[in-house]
Amino acid sequence: MGYAEIRLLNGDAFIVEGTLDEVESKLSDAARSGQSRLAWFTAYGTDGSIGINPAHVASLKVSEISE
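Note that the structure is predicted; figures quoted are calculated from it, not measured.

Q: Can you tell me about the nonpolar core, naming the residues and giving the values?
A: Membership of the largest hydrophobic core is limited to 12 residues, which are Ala4, Ile6, Leu8, Val16, Val23, Leu27, Ala30, Ala39, Phe41, Ala43, Ile50 and Ile52. Every element with two or more residues in this core is listed here: β1 (3-8), α1 (20-33), β3 (39-42) and β4 (49-52).

Q: A description of the pairing of β3 should follow, citing residues and the corresponding values.
A: Covered by surrounding structure in β3 are Ala39 and Phe41 only, the residues Trp40 and Thr42 on the alternate face being uncovered. With 4 bridges connecting them, β3 and β4 associate as antiparallel partners. Residue Trp40 lies in a different strand from β4, and its bridge partner there is Gly51. What sits between β3 and β4 in their antiparallel hairpin is a turn of 6 residues, with Gly45 showing a positive phi close to 80°.

Q: Which residues make up the pattern of salt bridges, and what values go with them?
A: Scanning all chains against the criterion turns up 2 salt bridges. Where Arg7 meets Glu5, a salt bridge forms, and the shortest distance between an N and an O atom there is 3.1 Å. Here Arg32 and Asp29 are joined by a salt bridge, their closest N and O atoms 2.5 Å apart. Remark: Asp29 and Arg32 occur in helix α1; sequence separation between them is 3 residues, near one turn of the helix.

Q: Residues and numbers for the sheet that holds β1, please.
A: Taken in spatial order, the 3 strands line up as β2-β1-β5 in an open sheet, and their pairing is antiparallel. The open sheet terminates on both sides in strands that have one partner only, identified here as β2 (13-17) and β5 (57-62). The average undirected angle you get between the axes of adjacent strands in this sheet is 25°. Bridging between β1 and β5 involves 5 bridges; their strand directions are antiparallel. By the bridge assignment for β5, Leu8 is matched with Val57.

Definitions and limits used
- Residues numbered from 1 in each chain as written.
- Predicted model: local features only at pLDDT ≥ 70, side-chain atom pairs only at ≥ 80, totals over all residues.
- Heavy atoms only, no water.
- Core = buried A, V, L, I, M, F, W, Y, C linked by side-chain atoms within 4.5 Å.
- Buried < 20%, exposed > 50% of the residue type's maximum accessible area, 1.4 Å probe, protein only.
- Helix = DSSP H or I, 4+ residues; strand = E, 2+ residues; numbered from the N terminus.
- Pairing = 2+ DSSP bridges.
- Salt bridge = Lys/Arg side-chain N within 4 Å of Asp/Glu carboxyl O.
- Axes fitted to C-alpha atoms, helices over the stretch in contact; angles between N-to-C directions.

Structure (structure tokens):
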């Protein structure tokens, strides 16, 4: 399982499940779907989901977490 770090414009960062390509694809799909559309991910270390507005993303990179 790969992990990616999504950093928002306000400085908050989230580690989510998925390869860089998978996460980028979800963010791109949500961005094309409309302004209020969220991209949904499973947050690292939880069973919970997190919705991220692609318009608020500042950067995306591979996470250093390894299991």
